[in-house]
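# Coordinates in review
In case you want the letters, here they are:
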Amino acid sequence: MTGGTSLIPSIPFVDHHNRLLISDLRAFGDSDWKRPSYCPGWTAAHVIGHMTLGAVFYAHVVRAGGEGILAPPFGAKDVPEFRAIRATRMEELVALPGGARVDRFEEEAETLQAAFAAVPESDLDKNAWHPRCPTPIRFFPPQRFYDLILHGWDIRNEPESSIIPEGLDHGLDILKERLPFFYNQSPDPALEGVLRFETTGPAHSWEVEVRDQKAAHRPDSAGGMAPAGRIGSADSASSADATLSASASDMILLASGRADIGARRSAGALRIEGDAAKAEAFMKILFNPF
């Protein structure tokens, strides 16, 4: 039976970024832990407490989902109870000394990595519990990668800075799958068309097509799926209703609700070509916090 590590590219990226973050956290002093993060009302200690509990959450739901069980973690019976228990446990983690807090994060991160590595191929498309909606198990390692790169950025709390460059290529490959998935959870009944994304540093381009309230990567001219990062040709690019262009870091920050669309447009960091109204309708659904 083939395990998850060979099937889900995000798993080794998650391991690498765990190491990077843990190394940084080991150097934190008391003032670093108390520093406000980008997340309103949260210090760096809160962010790491949240990420530690996120590892517990993912490990539980991935294992349960493999068994066909859609169940919240922490023994909760529903979303409100899950959130209440998580809030209480996070305060307990925030109260720990810094070194002990990092130890807990490292322990739960390693447990989650083991859970990811144990996922068999037959379980990848099974759903696991998530407060937003049932989510295929294959999406949890990519989400954990995003947790690491985005919450690492949150802790620095330098809104004009970029996400660290390591792994940005992989982050864009994840975004190509995430955007259609999240669009399909709350589609706009009146919206149809093709939106093209282009990034620099690293350079990627891809398209999302919406038809009949469903979003998907746009088929290439041969009727297949265009390879990630190499979507279509000049003809397919010119037929997109609108094109969004930004740096790779800004595109990920915009898509996670961490960059202001208007401010980025005014600064020229986000460029829109084509049907601006249609682009804005897409962004209203796709560029939201998570």
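A brief report on the enclosed structure follows. (Residues numbered from 1 in each chain as written. Predicted model: local features only at pLDDT ≥ 70, side-chain atom pairs only at ≥ 80, totals over all residues. Heavy atoms only, no water.)

## What about the nonpolar core?
In a soluble, globular protein the nonpolar side chains are often hidden away together inside. We apply this condition: To form a nonpolar core, buried Ala, Val, Leu, Ile, Met, Phe, Trp, Tyr and Cys residues must be joined to one another through side-chain atoms within 4.5 Å. The buried label goes to any residue with under 20% of its type's maximum accessible area, the exposed label to any with over 50%, and the partly exposed label to all in between, with areas taken from a 1.4 Å probe on protein chains only. Put simply, DSSP H or I for four residues or longer makes a helix, DSSP E for two residues or longer makes a strand, and each gets a number counted from the N terminus.
Core analysis: the largest hydrophobic core is formed by 52 residues, its most contacted members being Leu175, Phe197, Leu244 and Phe287. Residue contributions to this core peak at seven residues, all from helix 6 (residues 140–156). Ranked by size, the runner-up nonpolar core spans 23 residues in total, among them Ile11, Phe116, Trp129 and Phe140.

## What about helix 9 (residues 248–255)?
Among the eight residues that make up helix 9, eight are buried, leaving the element largely enclosed by the rest of the structure. Where helix 9 terminates, the next one or two residues include Gly257, which has phi positive at roughly 70°.

## Notes on helix 7 (residues 168–183)
Note the threshold: Here a helix's expected span is defined as the number of its residues, less one, multiplied by 1.5 Å. A residue's bend is simply the angle between two axes: one fitted to the seven residues ending at it, one to the seven starting at it.
The terminal C-alpha atoms of helix 7, which comprises 16 residues, lie 22 Å apart, in line with the 22 Å expected from a rise of 1.5 Å per residue. Helix geometry: helix 7 is bent most strongly at Leu175, by close to 25°. Taking burial as the measure, the 16 residues of helix 7 include 12 buried ones, the bulk of the element. Leu168, His170, Gly171, Leu172, Ile174, Leu175, Lys176, Arg178, Leu179, Pro180, Phe181 and Tyr183 are the residues of helix 7 that are buried.

## Concerning the sheet that holds strand 4 (residues 204–211)
Convention followed: Any two strands with at least two DSSP-identified bridges between them are counted as paired. To get an axis, a line is fitted to the C-alpha atoms, and for a helix only the part in contact is used. The angle between two axes follows their N-to-C directions and goes from 0 to 180 degrees. By definition in these notes, contact holds between two residues if any of their heavy atoms fall within 4.5 Å.
Pairing is mixed across the open sheet formed by five strands, whose spatial order is 5-4-3-6-7. With partners counted over all chains shown, the strands left at the sheet margins are strand 5 (214–217) and strand 7 (271–274), one partner each. Across this sheet, the average inter-strand angle for adjacent strands is 20°, counted without regard to direction. Sitting on the sheet, helix 7 is in contact with strand 3 (193–200), strand 4 and strand 5, with an inclination near 5° to strand 4. Strands in contact with helix 11 (residues 276–286) are strand 3, strand 4, strand 6 (242–247) and strand 7; relative to strand 3, the strand with the most contacts, it is inclined by about 75°.

## Section: the packing of aromatic side chains
For the record, the criterion: Here a Phe, Tyr or Trp ring, Trp counted by its six-membered ring, pairs with any other such ring whose centre lies within 6.5 Å, and the pair is stacked when the planes are under 30 degrees apart, edge-to-face when over 60, and tilted otherwise. Lysine and arginine charges are scored as sitting over a ring when NZ or CZ, respectively, is within 6 Å of the ring centre and within 35 degrees of the ring normal.
Applying the stated criterion to the full structure yields 14 aromatic pairs. Centroid distance Phe28 to Trp33: 5.1 Å. Interplanar angle 70°. Geometry classified as edge-to-face. Put simply, the rings of Phe57, Tyr58, Phe74, Phe82, Trp129 and Phe140 touch in pairs and so form one group of aromatic residues. Cation over ring: Arg178 sits above Tyr146, and NZ or CZ is 4.8 Å from the ring centre.

## Things to note about the environment of Lys77
Structurally, Lys77 is set in the loop between helix 3 (44–66) and helix 4 (79–94). Along the sequence, Lys77 and Ala248 sit 171 residues apart, while their C-alpha atoms lie 39 Å from each other.

## Concerning the pattern of salt bridges
When the charged atoms of two side chains lie near each other, side chains of opposite charge can form a pair. Formally: Counted as salt bridges are all cases of a side-chain nitrogen of Lys or Arg within 4 Å of a carboxyl oxygen of Asp or Glu.
Inspection of the entire model under this criterion finds 19 salt bridges. For Arg19, the salt bridge goes to Glu106, with nearest N and O atoms at 3.2 Å. You can see Arg19 sitting in helix 1 (residues 10–26) and its partner Glu106 sitting in helix 5 (residues 98–117), a full 87 residues away along the chain. Note on Arg19: relative accessible area 34%, which makes it partly exposed. One salt bridge in this structure joins Arg211 and Glu209, with 3.4 Å as the shortest N-O distance. Connected through salt bridges with shared partners, the residues Arg19, Arg26, Asp103, Glu106 and Glu110 form a single ionic network.

## What to know about the pairing of strand 6
In terms of residue burial, strand 6 counts as a mostly covered element, since five of its six residues are buried. Of the pairings in the sheet, the one linking strand 3 to strand 6 comprises six bridges and is parallel in character. From the neighbouring strand, Phe197 faces strand 6, where its bridge partner is Leu244. The sheet contact formed by strand 6 and strand 7 spans four bridges and is antiparallel. Of the residues in strand 7, the one forming a bridge with Ser245 is Arg271.

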